[in-house]
Amino acid sequence: MNILEYMKENVVFLDGGMGTLLQSSGLKPGEYPERWNITHSDVISQIHTEYYNAGSNVVSTNTFGANSLKFERDELEAIIKSAVQNADAARNASSASGEKFIALDIGPSGRMLKPYGDFEFEDAVEMFAETVRLGAKYGVDLVLIETMNDSLETKAALLAVKENCDLPVFVSNAYGEDGKLMTGASPEAMAALIEGMRADAIGVNCSLGPVQLAPVVDRLLECSSLPVILMPNAGLPKSVDGKTVYDVTAEDFASEVARQVKSGVRIVGGCCGTTPEYVARTREMISDIKPVPIIEKNITCVSSYTHTVIFGESPILIGERINPTGKKRFKQALHERDMNYILSEGIAEMERGVHILDVNVGLPDIDEVEMLKSAVYELQSVTDLPLQIDTSDPAAMESAMRIYNGKAMINSVNGKEESMRAVFPLVKKYGGLIVALTLDEDGIPSTAEGRVKIAEKILAVAAEYGIKKKDIIFDTLAMTVSADTSAAAATLGALNTIKHKLGCHTSLGVSNISFGLPSRDTVNSTFFAIALENGLSAAIMNPYSGDMMKTYFAYRALHGLDENCADYIEFISHFEETYGNTPSSVAVSSPAEAKSASDSGEQLTELMRAITKGLKDRAAALTEVMLENTAPLDIVQNEIIPALDVVGRGFEKQTVYLPQLLMSAEAAKSSFEKIKTYVVSHNTEMSEKCDVVIATVHGDIHDIGKNIVKLLLENYGFRVTDLGRDVPPETVVSAVAERHAPIAGLSALMTTTVPAMEETIKQLRIKTPWCRVVVGGAVLTQEYADKIGADKYARDAMETVRYAEEIDAQL
């Protein structure tokens, strides 16, 4: 019996923590636990055996950090081979009855992927792929991707599994107290991505205890059609006599996990701090609980790296402006590769209230494969709106789908055999919501019935690829009414039937209806209203049209989708205040844009806006112009730092997510580079803030948090010395002493490396007593930081910046 068959009728029990058990067995600070597969195979096998005997169905290999970034090829293979052999020996030695499986354990790389870091997406895929191939070679039963805190890295790991083996794959992410991944993804966004890519289970692990993770689990149970995994920590960590211990007992842990199994969780285990005792007690409490059936949720949605957009009662607006059709300036931007113009269009549409951005860069004389990939990549750097990848070229479609961070809307497929056979395999592999056009080899049927028949054919062929109708949205093709006065009726008739009889969502390019007519916005908005009444789910439309936006807000108010008509009133008030009695078709701003301005209480200059929006090239160009008549220090103090503060306050209030913070910091950095060049060439000086030495502690190769801190500190004017990752205590002490640095920042992700952090702090206290130490990392808490002697525990990068500013002000 394989794991997928077993879990159809059973709750699956995973194992628990490994790091704390290795520490108690003698793992030294800074020592790589993966090497114990070879040097202490008896210890590893014994731990696995104890988990099997405690009731685990699945034991994970001791390979959490086994990858090519950490080990050379030959050593990596030896480690994974030994890890699988150790688990297999434990399976054979176990006295417990029941099914037993071995999972290849894959943890995060420890590096941030581009555009937020320096790790290429394809390099990440290949890094994970090497580990996957070795695991499959030596006989694991499934792959467990765990503790991922970035949606794009999750996609890279999952893609590596799918492309390099045919094993079942479980995916578990690490959520923070705010219910999001470090890079901002909600549980719903992760469910859309992971389910779309056809993982076999989805879940949560690490970071928090079972009670704290319950809200995230509830949300996954609500939105995902996959079995849900729960692997919490044994509460929060603290240091006792130099060892890491946790504050939730096995009894309390098991009780809460059992409650969540009753709610629908189907796969359970533990993470940091849990032991075979936790697994055994959980198994006892769950033994009489009948597994809750897994129900298909039938949610039609797309996602970005932060959130989902769900198609349902409220209409979805898809911005149409990133498209060269009929747009001379946009065509020019494509020919000149003027990405600033494309990004500005996307940001403007976002500010005008659209929910999704259509991205079409198709011109006969450009490389659409490369251009579409670049446009999608760059747009996701500056906006968190989901994107609609709009192309008829399968190669361009795949290039964009592969690097897209989320579940994209795909425009389009049609009823032609060639189209379906080209597009459906891509959606099967990468996930996506497909826009299906009701045309085939015979063209566009003139009747509603003909278009419905094509829709039925598309659904049937999609089913051959395992694509469900929730992932298909039909476009019944708005044709020019000036050429055929019956065109609108055919479009609307097909739309109505597909929505209400086939049970599928619908989309239209609304403005097509009015080609060749005067006062096009009047025709478009009227057709939009009629289509909405016939069941239109989404419209590709011009958000600059006052008539269209009025229709949208009015429809929502009239259908009870706008409580107290608040959105409608706000939109109309803003429109009249801004435009008075001018025609409705003028460019309009959304209520959200007006609200943002009033909430901030300040107007942004052009440079500040470029920085807050993450427009690197724009920020650099504006800085060059400003340097012609503005002192460098004035630009820093009056433009760059205030802009960073705006984004920083948003991050602290959780209205801005980490990717937006990082892209703003990168834009500020591009501005700083222009200033530095100017200062050198003009022999002028600029004051800097104090020295800060930062490092990821010995034995830990995860430096995402440290790199984020570095980027922000440098933008705020601090002189940062980055010692890198896996840094011995002596190296940190030497660097602090050499620079007489008043601040040292230490980072650790893994439980097994916190003792190295404690040792580093001890040495700093003895040899550089003037230095303040700030610590951070997923395994740390305030209590833990106090116990190991740190001066400051920073929950995130901005808190580190604020602390550094306090220290600098005291010098």
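Placed above this text is the structure.
Procedures and definitions
- Every chain begins its residue count from 1, and numbering advances along the sequence as written.
- In keeping with the model being predicted, local features are shown solely for residues with a pLDDT of at least 70 and side-chain atom pairs are shown and tallied solely at 80 or more, while totals for entire chains, interfaces and linings include all residues.
- Side-chain descriptors were evaluated using all non-hydrogen atoms of the structure, hydrogens and water having been removed beforehand.
- Put simply, DSSP marks the helices as runs of H or I at least four residues long and the strands as runs of E at least two long, and each gets a number from the N terminus on.
- Remark: exposure states derive from per-residue accessible area (1.4 Å probe, protein chains only) relative to the maximum for the residue type, with buried under 20%, exposed over 50%, and partly exposed in between.
- Should any heavy atoms of two residues lie within 4.5 Å, those residues are considered in contact.
- Note on areas: these come from Shrake-Rupley sampling with a 1.4 Å probe, and a residue is covered only by the protein chains present in the view.
- Only four residue types enter the charge count, namely Lys and Arg as positive and Asp and Glu as negative; His and the chain termini do not.
- We count a salt bridge whenever a side-chain nitrogen from Lys or Arg sits within 4 Å of a carboxyl oxygen from Asp or Glu.
- Residue count minus one, scaled by 1.5 Å, sets the expected span of a helix.
- All axes here are fitted lines through C-alpha atoms, helices being fitted over the stretch that makes contact, and every angle between N-to-C directions spans 0 to 180 degrees.
- Throughout this description, any angle smaller than 35 degrees is read as roughly parallel, any larger than 145 degrees as roughly antiparallel, any in the 65 to 115 degree range as roughly perpendicular, and the remainder as oblique.
- Helix crossings are classified by the rotation of the near helix relative to the far one: an anticlockwise turn of less than a right angle makes the crossing left-handed, while a clockwise turn makes it right-handed.
- Gly falls in the polar group here, along with every residue not listed as nonpolar (Ala, Val, Leu, Ile, Met, Phe, Trp, Tyr, Cys, Pro) or charged (Asp, Glu, Lys, Arg).
- Here, two cysteine sulfur atoms that lie within 2.5 Å of each other are counted as a disulfide.
- Strands are labelled as partners when DSSP assigns at least two bridges between them.
- Any pair of nitrogen or oxygen atoms within 3.5 Å is treated as a polar contact; in protein, a donor-acceptor pairing is required on top of that, and neighbouring residues in sequence qualify only through side-chain atoms on both sides.
- Both site types are read off a 1 Å grid over the protein atoms alone. A 1.4 Å probe that fits but cannot get out defines a cavity, while an open set with protein on both sides within 12 Å along at least five of seven lines defines a pocket; lining residues have an atom within 4 Å of a point.
- Grid points are joined across faces, edges and corners, and a volume is the space filled by probe spheres set on the points.

Undergrad: Give a detailed account of the overall build of the protein chain, specifying residues and quantitative values.
TA: Scanning the protein chain from N- to C-terminus turns up 31 helices and 25 strands. With respect to the principal axes defined by its C-alpha atoms, the protein chain has extents near 80 × 75 × 50 Å. Counting only residues that meet the buried cut, the protein chain has 60% of its 811 residues in that class. In the protein chain, of all internal contacts separated by at least 6 residues, the share reaching a separation of at least 24 is 76%. Surface summary for the protein chain: the accessible area is close to 30,900 Å², and the carbon and sulfur share equals 49%.

Undergrad: Describe the side chain of Glu 368, with residues and values.
TA: Along the chain, Glu 368 falls in helix α14 (residues 368–382). Buried and unpaired, Glu 368 has Arg 337 as its nearest opposite-charge partner, separated by 12 Å. With sequence-adjacent residues up to four places away left out, Glu 368 is seen in contact with Val 361, Gly 362, Asp 390, Thr 391, Asp 393 and Ala 396.

Undergrad: Report on helix α13 (residues 339–351), specifying residues and quantitative values.
TA: The end-to-end C-alpha separation of α13 is 18 Å, in line with the 18 Å expected for 13 residues at 1.5 Å each. What α13 keeps buried is the set Met 339, Ile 342, Leu 343, Glu 345, Gly 346, Ile 347, Ala 348, Glu 349 and Glu 351. In the stretch just after α13, Gly 353 is the one whose phi turns positive, near 100°.

Undergrad: Lay out the packing of helix α4 (residues 41–54) against helix α11 (residues 276–286) with the relevant residues and their values.
TA: Remark: α4 packs on α11, axes separated minimally by 8 Å, with the N-to-C direction vectors making an angle of 15°. The angle between α4 and α11 places the two elements in the roughly parallel class. When the axes of α4 and α11 are compared, the crossing they make is right-handed. Across the interface between the two elements, Glu 50, Tyr 51 and Ala 54 from α4 touch Pro 276, Val 279, Ala 280 and Arg 283 from α11. Looking at the contact of α4 with α11 residue by residue, the class counts come to five nonpolar, no polar and two charged.

Undergrad: Explain the state of the cysteines residue by residue, including any values.
TA: All chains considered together, the criterion is met by zero disulfides. Cys 771 forms no disulfide, and the closest cysteine sulfur to it belongs to Cys 690, at a distance of 9.7 Å.

Undergrad: Could you give me a rundown of the sheet that holds strand β5 (residues 169–173), with the residues and numbers involved?
TA: Pairing within the open sheet is parallel, and its eight strands lie in the order β1-β10-β7-β6-β5-β4-β3-β2. Here the strands that pair on one side only, and so sit at the sheet edges, are β1 (12–13) and β2 (58–60). As defined by bridge partners, β2 adjoins strand β3 (residues 101–106) across three bridges and the pair is classed as parallel. Across the sheet, residue Val 59 finds its bridge partner in β3, namely Ile 102.

Undergrad: Give a detailed account of helix α5 (residues 73–93), specifying residues and quantitative values.
TA: Compared with the 30 Å implied by 1.5 Å per residue over 21 residues, the 30 Å span of α5 between its first and last C-alpha is a close match. For α5, the set of buried residues is Leu 76, Glu 77, Ile 79, Ile 80, Ser 82, Ala 83, Val 84, Asn 86, Ala 87 and Ala 90. If you follow the buried residues of α5, they end up packed against α3 (36–39), α4, β2, β3 and α6 (121–137).

Undergrad: Outline the side chain of Asp 440, supporting the account with residue identities and numerical values.
TA: In this structure, Asp 440 sits in the loop between β17 (433–437) and α17 (448–464). A distance of 2.9 Å separates a polar side-chain atom of Asp 440 from the backbone nitrogen of Asp 442. What Asp 440 contacts, discounting residues up to four positions off in sequence, is Gly 415, Lys 416, Ile 454 and Lys 457.

Undergrad: Which residues make up the sheet that holds strand β14 (residues 356–359), and what values do they have?
TA: Pairing is parallel around the closed barrel formed by eight strands, whose spatial order is β13-β14-β15-β16-β17-β18-β19-β20. The mean angle between the axes of side-by-side strands here comes to 30°, regardless of whether they run parallel or antiparallel. Relative to strand β19 (residues 505–509), strand β18 (residues 472–475) is paired through three bridges, and the arrangement is parallel. Across the sheet, the residue bridging to Phe 474 is Thr 506, located in β19. Sheet strands touched by α14: β14 and β15 (387–390). Its angle to β15, the strand with the most contacts, is close to 175°. Seen against the sheet, helix α18 (residues 487–500) touches β18 and β19 and runs at an angle of roughly 155° to β19.

Undergrad: Before we move on, can you summarise empty space enclosed by the protein with the specific residues and values?
TA: By the definition in use, this model includes three cavities of 30 Å³ or more. Roughly 60 Å³ of internal volume is contained in the largest cavity. If you trace the largest cavity, you find it lined by Phe 13, Leu 14, Phe 253, Val 268, Gly 269, Gly 270, Thr 274, Thr 275, Tyr 278, Val 279 and Thr 282. Looking at which element gives the most residues to the lining of the largest cavity, the answer is α11, with three residues. Here the lining of the largest cavity is composed, by residue class, of six nonpolar, five polar and no charged.

Undergrad: Talk me through the pattern of salt bridges; I want residue IDs and the actual numbers.
TA: Note on pairing: side chains with opposite charge can pair once their charged atoms come close. Summed over all chains, the structure comprises 42 salt bridges. Across the salt bridge formed by Arg 402 and Glu 163, the nearest N and O atoms sit 2.7 Å from each other. Pair noted here: Arg 402 is in helix α15 (residues 394–403) and Glu 163 is in helix α7 (residues 151–164), with a separation of 239 residues, a long-range link. Residue classification places Glu 163 among the partly exposed positions, given a relative accessible area of 33%. Where Lys 792 meets Glu 799, a salt bridge forms, and the shortest distance between an N and an O atom there is 3.0 Å. We classify Lys 792 as partly exposed; its relative accessible area is 21%. Accessibility expressed as a relative area gives 21% for Glu 799, which makes it partly exposed. Salt bridges sharing common partners tie together Asp 645, Glu 652, Lys 689, Arg 802 and Glu 805.

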